[in-house]
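Next come the chains, spelled out residue by residue.
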Amino acid sequence: QVQLAESGGGLVQAGGSLRLSCAPSGIIFSRNTMVMGWYRQAPGKQRELVATITSVGTTNYADSVKGRFTISRDNAKLTVYLQMNSLKPEDTAVYYCKARVGVGTVHEYDYWGQGTQVTVSS
């Protein structure tokens with residue numbers, strides 16, 4: 001059974017930092033070429049991209065987090081991290097980890113974590 005175990009969320013004051021982690025388990029197909037990413041969903045809003053990273057380290061960020069958030073991955077541990085600095089109240093959301101396997105093939109598929117709450121107080 002595939003699971004994406006997220007951790008690191010919590011409550012922080014504006015200007016503070018948090019680090020999220022996501023460790024997939026149970027993925028066999030295409031595990032070494034997975035594209036992994038973080039998405040977030042604030043109350044009453046649609047889920048949106050925060051950042052993604054490919055297996056070779058190519059990154060992509062939402063404009064709203066550029067310069068503040070850094071996504072990274074440890075391919076040996078198949079773990080992805082999101083370092084969040086200079087947090088703002090508008091960063092408050094449930095953050096979801098996603099692993100996409102079979103990228104660019106007919107077997108492409110997305111796995112999602114359960115989400116971790118990040119709350120930034122003003």
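Because the structure is predicted, anything quoted here is derived from the model rather than measured.

Our next topic: the environment of A42. By the element assignment, A42 lies in the loop between β4 (35-41) and β5 (48-53). For the pair formed by A42 and D91, sequence separation is 49 residues and the distance between their alpha carbons is 8.2 Å. Those residues in contact with A42 that sit more than four places away from it in its chain are T92 and A93.

Turning our eyes to something else, we now look at the nonpolar core. W38, L82, M84 and Y95 are the most contacted members of the largest nonpolar core, which totals 30 residues. Every element with two or more residues in this core is listed here: β3 (18-25), β4, β5, β7 (69-74), β8 (79-84), β9 (93-101) and β11 (116-121). Take this core: its biggest share by element is 5 residues, from β9.

The subject of this paragraph is the packing of aromatic side chains. Applying the stated criterion to the full structure yields 2 aromatic pairs. Judged by centre distance (5.1 Å) and plane angle (65 degrees), the ring pair of Y39 and W112 falls under edge-to-face. Note that Y39 is positioned in strand β4 and W112 in strand β10 (residues 109-112), a separation of 73 residues in sequence. The buried category is assigned to Y39, whose relative accessible area is 14%. Arranged with centres 4.8 Å apart and planes meeting at 65 degrees, the rings of Y109 and Y111 form a pair that is edge-to-face.

Once that is clear, we can look at the side chain of K98. The residue K98 is located in strand β9 in this model. Within the structure, K98 has its side chain in polar contact with the side chain of Y39 (distance 3.0 Å).

Here the focus is the sheet that holds β3. Taking strand neighbours across the sheet as the criterion, the 4 strands line up as β1-β3-β8-β7 in an open arrangement whose pairing is antiparallel. Looking along the sheet, the strands with just one partner apiece sit at the ends: β1 (3-7) and β7. Within the sheet, the average angular offset between the axes of one strand and its neighbour, ignoring direction, is 15 degrees. With 5 bridges connecting them, β1 and β3 associate as antiparallel partners.

Once that is clear, we can look at the pairing of β7. The alternating pattern of β7 places F69, I71 and R73 on a buried face and T70, S72 and D74 on a face that is not buried. Of the pairings in the sheet, the one linking β7 to β8 comprises 6 bridges and is antiparallel in character. Within the sheet, the bridge partner assigned to F69 lies in β8 and is M84. The turn joining β7 and β8, which pair antiparallel and follow one another in sequence, is formed by 4 residues; a positive phi near 50 degrees is taken by L78.

What follows covers the state of the cysteines. Enumeration over the complete set of coordinates arrives at 1 disulfide. The disulfide that involves C22 links it to C97, with 2.0 Å between the sulfurs. Taking the sign of the torsion about the S-S bond as the criterion, the disulfide between C22 and C97, at about -80 degrees, is left-handed. With C22 in strand β3 and C97 in strand β9, this residue pair connects regions lying 75 residues apart in the sequence. The residues C22 and C97 share a single accessibility class, namely buried.

Procedures and definitions
- Residues numbered from 1 in each chain as written.
- Predicted model: local features only at pLDDT ≥ 70, side-chain atom pairs only at ≥ 80, totals over all residues.
- Heavy atoms only, no water.
- Helix = DSSP H or I, 4+ residues; strand = E, 2+ residues; numbered from the N terminus.
- Contact = heavy atoms within 4.5 Å.
- Core = buried A, V, L, I, M, F, W, Y, C linked by side-chain atoms within 4.5 Å.
- Buried < 20%, exposed > 50% of the residue type's maximum accessible area, 1.4 Å probe, protein only.
- Phe/Tyr/Trp six-rings, centres within 6.5 Å; stacked < 30°, edge-to-face > 60°.
- Polar contact = N/O pair within 3.5 Å; in protein donor to acceptor, adjacent residues only side chain to side chain.
- Pairing = 2+ DSSP bridges.
- Axes fitted to C-alpha atoms, helices over the stretch in contact; angles between N-to-C directions.
- Disulfide = S-S within 2.5 Å.

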